[in-house]
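A look at the structure
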Number of protein chains: 2
Amino acid sequence: MPPSTTAASAAAPSSTKSATSEGSEERFLHSPLAREVAFLTARARGRGNALANQLLADLDLKVRHFSVLAMACSGTNPSQRELGGFLDLDPSQVVALVDVLEGRGVIRREPDPRDRRSKILVATEAGQELYAQAARRTREAEDQTLKKLSSAERDQLRELLARIVF
Amino acid sequence: MPPSTTAASAAAPSSTKSATSEGSEERFLHSPLAREVAFLTARARGRGNALANQLLADLDLKVRHFSVLAMACSGTNPSQRELGGFLDLDPSQVVALVDVLEGRGVIRREPDPRDRRSKILVATEAGQELYAQAARRTREAEDQTLKKLSSAERDQLRELLARIVF
DNA sequence: TGATAATATTGAGAAAGTCAATGATTTGGC
DNA sequence: GCCAAATCATTGACTTTCTCAATATTATCA
């Protein structure tokens, strides 16, 4: 038996080209998925990540490396486990990331005076300098992705996101 | 020669256990990274995804499958290429996802009357039913992840995110 | 018509994520 | 103080996801 609904009855994609740079996405803007914050955050993260990775490329960094470098520069002296918890990384991923950054001489593993199992991450001088350069680029990336938002709206977005993830 | 800066001078993680369920993250809350929306969206996406995947598990769905099912159910009749663009998926990933969903009989590839290269995605009856069940679960997941936000704040968050990703 | 581009597909390889096992160490109960 | 259980970093295997190039079919357009 044939399905009750006949498909492909509403689409008219190729006729009108949008004036802006966007393609045929207006059609999907009112779909239920486009209202889910899970979808929206996934897309925001995807776009932001891609742009940031692009801007960090000439420093041989990806956002994942930048994130651990940033934490090593933060003065909070995180252990690897704490870092993994904060960045949502498996312990094994942490050692891999720390290995490459330590291999580049930008961070160090230091013994934790309170617990000899644990290792504390700190940035070297070179690490601080690299972080300074990288942070400029990620700020640029953030500015770009938030360009449609006012300063107040950016703070608002930050605050709302912080409320749901902490 | 010893390094100029002595590390591990400020941490006191294990002494006070937080009253809530969170661990030692308060220490990192004022780090620069915690103010970056790239980081916040990544974390939000990670948490949301994990919870949604959990709630969808008994339907043998992940959010990635749910997303294409949702679009197939939306009445917008997306082509595979359009779907990939909207969901930030490589064409090859789209065919893989569509293959499994079509194999389960919940969506169909239909010929695009305007372009015989392209294939349009529509949901079957079984697909609509599966989507109804799945959507309940993702709504539950969203409600859970946004539980600290008022209804107005949720709308605000949705609107701000939509502005930056569309 | 013929050249160029776009669509879905395949396949290969890299990157990222997941998980279990292990040695060293700490913690907590006794 | 001692022993069992838990925790931390690490390794290695494995799965999933991502990325990219090549291809056959079909559209577009000069």
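Located above this text is the structure these notes cover.
This write-up is about the structure you can find in this document. What you see is a predicted model; the values in this text were computed from it and never measured. (Residues numbered from 1 in each chain as written. Chains lettered and ligands numbered in written order. Predicted model: local features only at pLDDT ≥ 70, side-chain atom pairs only at ≥ 80, totals over all residues. Heavy atoms only, no water.)

A few points about the overall build of chain A
What counts, and what does not: The way it works is that DSSP assigns letters per residue, a run of H or I at least four long becomes a helix, a run of E at least two long becomes a strand, and they are numbered from the N terminus. Relative accessibility under 20% of the residue-type maximum defines a buried residue, over 50% an exposed one, and the middle range a partly exposed one, all with a 1.4 Å probe and only protein chains included. We call two residues in contact whenever any of their non-hydrogen atoms come within 4.5 Å of each other.
Helices and strands together make up the secondary structure of chain A, namely six helices and two strands. Along its sequence from the N terminus, chain A presents helices and strands in the succession α-α-α-α-β-β-α-α. For chain A, the residues scored as buried account for 45% of the 166 residues in total. The long-range share in chain A, meaning contacts at least 24 apart out of those at least 6 apart in sequence, stands at 50%.

A few points about the packing of helix α2 (residues 63–72) of chain B against helix α4 (residues 91–103) of chain B
Residue and element names in this part refer to chain B. Defined as follows: In this description, a line fitted to the C-alpha atoms serves as the axis of each element, helices being fitted only across the stretch in contact, and the angle between N-to-C directions of two axes falls anywhere from 0 to 180 degrees. Should an angle fall under 35 degrees it is taken as roughly parallel, and over 145 as roughly antiparallel, whereas 65 to 115 is taken as roughly perpendicular and any remaining angle as oblique. For this classification, the nonpolar set comprises Ala, Val, Leu, Ile, Met, Phe, Trp, Tyr, Cys and Pro, the charged set comprises Asp, Glu, Lys and Arg, and every other residue, Gly included, is treated as polar.
Between α2 and α4, whose axes approach to 10 Å, the crossing angle comes to 80°. As the angle between them shows, α2 and α4 are arranged roughly perpendicular. Residue-level inspection shows R64, H65, V68 and L69 of α2 in contact with α4, the latter providing Q93, L97, V100 and L101. For the contact of α2 with α4, the residue count by class is five nonpolar, two polar and one charged.

Side note on the interface of chain B and chain A
Cut-off, in case you're wondering: Here's the idea: put two parts together, see how much 1.4 Å probe accessible area each one loses, and the total over both is what we call buried area. In protein, a polar contact means a hydrogen-donor-capable atom and an acceptor-capable atom, both N or O and within 3.5 Å, with residues adjacent in sequence counting only if both atoms are side-chain atoms; elsewhere, any N or O pair within 3.5 Å suffices.
Opposite the 70 residues of chain B that make contact, chain A presents 69 residues. Together chain B and chain A conceal approximately 6700 Å² of surface at their shared face, both sides included; 62% is due to carbon and sulfur atoms. Counting the surface chain B buries against chain A, the share from its top three residues, F28, F86 and F166 of chain B, is 10%. The tally of links from chain B across to chain A stands at 20 residue pairs in polar contact (both at pLDDT 80 or more).

Structural notes on helix α1 (residues 37–56) of chain B
The following threshold applies: Multiplying one less than the number of residues by 1.5 Å gives the expected span of a helix.
In a regular helix each residue adds 1.5 Å, so 20 residues correspond to 28 Å; α1 of chain B covers 27 Å between its end C-alpha atoms and thus fits that length. Those residues of α1 of chain B that are buried lie in contact with α1 (37–56), α3 (80–87), α5 (125–145) and α6 (151–165) of chain A together with α2 and α5 (125–145) of chain B.

Focus: the protein's contact with DNA strand D
Selection rule: Being near a molecule or strand, for a residue, means having at least one of its heavy atoms within 4 Å of it.
Of all residues adjacent to DNA strand D, which total 18 residues, the nearest are Q80, R109 and R117 of chain A together with R64 and Q93 of chain B. At 2.8 Å from a phosphate oxygen of DNA strand D is found a side-chain nitrogen or oxygen belonging to K119 of chain A. For DNA strand D, a base nitrogen lies 3.2 Å from a polar atom in the side chain of D90 of chain B. Of the residues assigned to the surface near DNA strand D, the class counts are two nonpolar, six polar and ten charged.

Points about the nonpolar core
Rules: To define a nonpolar core, start from buried Ala, Val, Leu, Ile, Met, Phe, Trp, Tyr and Cys residues and group those joined through side-chain atoms within 4.5 Å.
Counting 92 residues, the largest nonpolar core has L69 and L157 of chain A together with L69 and L157 of chain B as its most contacted members. If we ignore the near neighbours within four places in the chain, the residues touching L69 of chain A are L61, L101, V106, I107, G127, L130 and Y131 of chain A.

A word on the protein's contact with DNA strand C
For DNA strand C, the set of nearby residues contains 18 residues, the closest of which are R64 of chain A together with Q80, R81, R109 and R117 of chain B. At the protein interface, 70% of the atoms of DNA strand C within 4 Å belong to sugar or phosphate. The contact in question runs from a phosphate oxygen of DNA strand C to an N or O atom on the side chain of Q80 of chain B, over 2.6 Å. Separating a base nitrogen of DNA strand C from a side-chain N or O atom of R117 of chain B is a distance of 2.7 Å. Counted by class, the surface near DNA strand C contains two nonpolar, six polar and ten charged residues.

Section: the side chain of E25 of chain A
Looking at where E25 of chain A falls in the secondary structure, it is placed in the segment before α1. According to the relative accessible area criterion, E25 of chain A is buried, its value standing at 17%. E25 of chain A has contacts with R43 of chain A together with G85, F86 and F166 of chain B, leaving out every residue within four places of it along the chain.

Looking at the relation of the copies chain B and chain A
For clarity, the cut-off: Here the copies are superposed with least squares, the fitted atoms being C-alpha atoms of residues at a pLDDT of at least 70 in both.
Mapping chain B onto chain A is achieved by rotating through 180° and translating by 0.0 Å along the same axis, at an RMSD of 0.0 Å. Here the copies are linked by what is in effect a two-fold axis. For chain B, the residue whose C-alpha comes nearest the rotation axis is T41 of chain B, separated from it by 2.8 Å. When you check the interface residues of chain B against chain A, 99% turn up at the interface there too, and the contact is symmetric in its surfaces.

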